[in-house]
Amino acid sequence: MCPECVPKQGGVQASVPVVSFSFRSWHFSLGRTPFKSRELAKHYDERSASWQKTIERFGFEGAYRHLICRVLSQQRYRLDRHSLRVLDAGIGTGAMTSAFHAELGRGFQLDGVDISEEMLRVASKHLQFKNIEKTLAIADITDLPYDDDCFDVVLVAHVVEHLAIPETGFDELYRVLKPGGLLICSMTRRSAFGAFVQLLWRTHQVGISRALGWLRGAGFRDVRALPMEKGSAARNCSIGYVGRK
Ligand SMILES: C[S@@+](CC[C@H](N)C(=O)[O-])C[C@H]1O[C@@H](n2cnc3c(N)ncnc32)[C@H](O)[C@@H]1O
């Protein structure tokens, strides 16, 4: 997709729903045009130096570890292969990869993509001491530069809600996963914190049934929603999701 374009849905420019309600025969809905990819990359470039601190302050890395630990401890999501190829889509500073590494307890081959060059630079430093064989590249999750069926695990945290049409992101993540591969995801939930994030970032706030519908619609099976760690700010902001191809 051209970085200057916001995709259309049914011939109308796609927008993020902000408020909608009905009163008698009236139906009100207010939406907001999401950032174009280039604008969003610029915003993240500007925040890249302090992003890891923000994540730590709000307890996200711990919450990601807790989520991944809960997923991997369940028989139906167990990862049997020893050598894994993992994609972190919208890797940011690498917090989700770092949490996955800590919970898996062994190395793996990583591809990390992001639209922000500066975020990738920080991720490269953040992950440099880990036994991870990594390749980082600029790419959009709606148009990934990978063949079908090539990853054992896809991690995607707080990225899909940036998309004008989130379904396009899940379709693409499904395409690159191997059959039987695991998707571990986190998205902004409906909450006061979620509304604040939406105001700043023009993101979707996603209810659980809508999120599970997106995953199932893309083809994922065994989909589940998992609350984030108790007590952390991340819990007020996000919900974790898991599914298998
Ligand atoms: C909220 S940050 C989350 C970063 C990381 N996943 C984490 O949880 O710490 C969102 C990241 O997704 C990236 N991003 C946003 N839209 C994207 C897209 N369409 N394709 C790839 N990356 C994207 C941003 O540049 C940013 O680094």
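This text gives an overview of the structure that appears in the document. Values in this document were obtained by computation on a predicted structure and should not be read as measured data.

A closer look at the packing of aromatic side chains
Taken as a whole and judged by the stated rule, the model has eleven aromatic pairs. Between Phe-58 and Phe-193, the aromatic rings sit 5.6 Å apart at their centres with planes inclined by 80 degrees, giving edge-to-face as the arrangement. A residue pair is termed long-range when its members are at least 10 positions apart, and Phe-58 in the loop between α1 (37-57) and α2 (60-72) and Phe-193 in helix α6 (residues 192-201) qualify at 135 residues. What makes Phe-58 partly exposed here is its relative accessible area of 29%. For Phe-193, a relative accessible area of 22% gives the class partly exposed. Where Tyr-174 meets Phe-220, the ring centres are 5.0 Å apart and the plane angle is 90 degrees; that geometry is what we call edge-to-face. Taken as a pair, Tyr-174 in helix α5 (residues 166-176) and Phe-220 in the loop between α7 (208-218) and β10 (221-227) lie far apart in primary sequence, 46 residues in all. Residue class for Phe-220 comes out buried when judged on its relative accessible area of 4%. Joined through ring pairs, the aromatic side chains of Phe-21, Trp-26 and Phe-28 make up one cluster. The cationic tip of Arg-202 hangs over the ring face of Phe-35; the distance from NZ or CZ to the ring centre is 4.1 Å. Between the NZ or CZ atom of Lys-245 and the centre of the ring of Tyr-174, over which it lies, the distance is 4.8 Å.

Thoughts on the sheet that holds strand β8 (residues 151-157)
In space, the seven strands of this open sheet follow the order β7-β6-β5-β8-β9-β11-β10, with mixed pairing throughout. Single-partner strands in this sheet number two, and they are β7 (132-138) and β10. Averaged over all pairs of adjacent strands, the angle between strand axes in this sheet comes to 15 degrees, irrespective of strand direction. Bridging between β8 and strand β9 (residues 177-188) involves six bridges; their strand directions are parallel. Across the sheet, the residue bridging to Phe-151 is Leu-177, located in β9. The sheet contacts of α5 involve β5 (85-89), β8 and β9, and relative to β9 the element is tilted by about 150 degrees.

Conventions we followed
- Residues numbered from 1 in each chain as written.
- Predicted model: local features only at pLDDT ≥ 70, side-chain atom pairs only at ≥ 80, totals over all residues.
- Heavy atoms only, no water.
- Phe/Tyr/Trp six-rings, centres within 6.5 Å; stacked < 30°, edge-to-face > 60°.
- Helix = DSSP H or I, 4+ residues; strand = E, 2+ residues; numbered from the N terminus.
- Buried < 20%, exposed > 50% of the residue type's maximum accessible area, 1.4 Å probe, protein only.
- Lys NZ or Arg CZ within 6 Å of the ring centre and 35° of its normal.
- Pairing = 2+ DSSP bridges.
- Axes fitted to C-alpha atoms, helices over the stretch in contact; angles between N-to-C directions.
- Contact = heavy atoms within 4.5 Å.

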